[in-house]
Amino acid sequence: MNIISIISVLGVVVTTAALICVLSVFNGFHDLIKEKLSSVDPDIAITATMGKTIAQADSVARVAQSVDGVQLAMPTVEDNALAIFADFSMPLRLKGVPTDYNRLTGIDSVIVDGNFVLEDEVSRYAVLGVGPAVQLNARPGSLRMLQLYAPQRRGQVDLNDPMNAFTEDSLFVAGVFMVQQKNYDNDVVFVPIDLARGLFDYTTEASQVEIKLAPGASEQAVMQQLQALLGEAYTVKNRIMQQDASFRLVNMEKWITFLLLAFIMVIATFNVISTLSLLIIEKDESIRTFRSLGATDKQITRIFVTEGWLIALVGAVVGVVVGLALCLCQQQFGWLKLSASADAVVVRSYPVTVVWTDVLVVFLLVAAVGLVTSLATSLMMRHRLKK
């Protein structure tokens, strides 16, 4: 193999390895999002198909609790409110949950200050995301109470006394959590569900019913049972469906990047074709020798077609091996960093997860490129041999 062929093989190797690495990094980010959300998202959530709330949420929770594979089922209330603490204020998302909500999710594992306590014999408490805690300058143990305001859902607003248009309540701060995800850390505050229902003028309503699966339970089987019991009036979602926008964005970026790199590989194919064209010209004397020895035009064409296939397939195999080696090294040692500062990002090094279906897709793409190269080589050889 001459130097031109080696350069062509290297082009295929680099492009193939890049495809493997890029797809694996996006898979890593997908798994990272799933891992980070798992500490606060329920295994399964039930929401109303139409409307904002579930009318008889406690009844729905009891039905869900009766399903095999369900360990816990709890109603939760979520809506917007205004928080005031001392001289600071901010709008936030108030999430009312039962006092033993930490049994359903791993919220205890992401508490960075104080404790997850919503109620005791003395008072009621709020657990703030790190964003509201910083913006409101609120810390656990403070004797000052967090004041919460929500617009009244019924009645008319008296313009002479607009404060009467709001429902108010207050409670102490017990803890601060940090999930390292914007949609939780920036504006979520956990409060007792009774307080949230009173603030938003609810009685038995809830935004959703959250479920924890029993160990070893089949998520798909439980979801099917719940949907069959509850009917089309309710929507049953797993963790990925609950954060559909985040996962859809990562998948979209992944495959757009794949298409861009695939386009680069197609461009590299022209380099292989041009290489084979030069080889055909360079081996003109050898072709005449083969003809003199009795080789047919079909046999001579097959030699160059085979070389085109070899360039693509050798490049594909070596590229896959190199790509997998780089991914495994990144998993093991984390050489490629996202940031030099550990506090600036969720993880310091790029997360990597190798999915074998992605490897297969890349290999098939390179094989298809090799097929196109071979067909182009065959046409060039036929044209050359007719002269």
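Residues numbered from 1 in each chain as written. Predicted model: local features only at pLDDT ≥ 70, side-chain atom pairs only at ≥ 80, totals over all residues. Heavy atoms only, no water.

Draft legend 1. Quick peek at a negative patch on the surface. Side chains of E119, D120, E121 and D194 sit close together on the surface and give a patch of like negative charge. One can find E119 in the loop between β4 (111–114) and β5 (125–129). (Patch = residues over 30% accessible without salt bridge, like charges linked within 9 Å, V, L, I, M, F, W, Y side chains within 5 Å. Areas by Shrake-Rupley, 256 points an atom, 1.4 Å probe, with all protein chains shown as cover. Salt bridge = Lys/Arg side-chain N within 4 Å of Asp/Glu carboxyl O. Lys, Arg positive; Asp, Glu negative; His and termini not counted. Charge placed at Lys NZ, Arg CZ, Asp CG, Glu CD. Helix = DSSP H or I, 4+ residues; strand = E, 2+ residues; numbered from the N terminus.)

Draft legend 2. Layout of the packing of aromatic side chains. In this structure the tally under the stated criterion is eight aromatic pairs. With a centroid separation of 5.4 Å and an interplanar angle of 55°, the aromatic rings of F177 and F190 are classed as tilted. Of the two residues, F177 sits in strand β7 (residues 166–177) while F190 sits in strand β8 (residues 188–192), which places them 13 residues apart along the sequence. Geometrically, the ring pair formed by F333 and W335 is stacked, given 5.0 Å between the ring centres and 10° between the ring planes. Residue W335 is classed as exposed on the basis of its relative accessible area of 58%. Grouping aromatic residues by their ring pairs yields a cluster made of Y101, F116, F177 and F190. (Phe/Tyr/Trp six-rings, centres within 6.5 Å; stacked < 30°, edge-to-face > 60°. Buried < 20%, exposed > 50% of the residue type's maximum accessible area, 1.4 Å probe, protein only.)

Draft legend 3. Main features of the pattern of salt bridges. On inspection of all chains with the given rule, the structure shows nine salt bridges. E210 is the partner of K95 in a salt bridge, and the nearest nitrogen-oxygen pair spans 2.8 Å. Placement of K95 in strand β3 (residues 88–97) and of E210 in strand β9 (residues 208–213) is noted, with a sequence separation of 115 residues between them. Look at E210 and you get buried, because its relative accessible area is 0%. Linking D358 and K254 is a salt bridge whose minimum nitrogen-to-oxygen distance equals 3.0 Å. Residue D358 is located in helix α11 (residues 356–385), and its partner K254 is located in helix α8 (residues 244–282); the two are separated by 104 residues in the primary sequence. Of the two residues, D358 and K254, both sit in the buried class.

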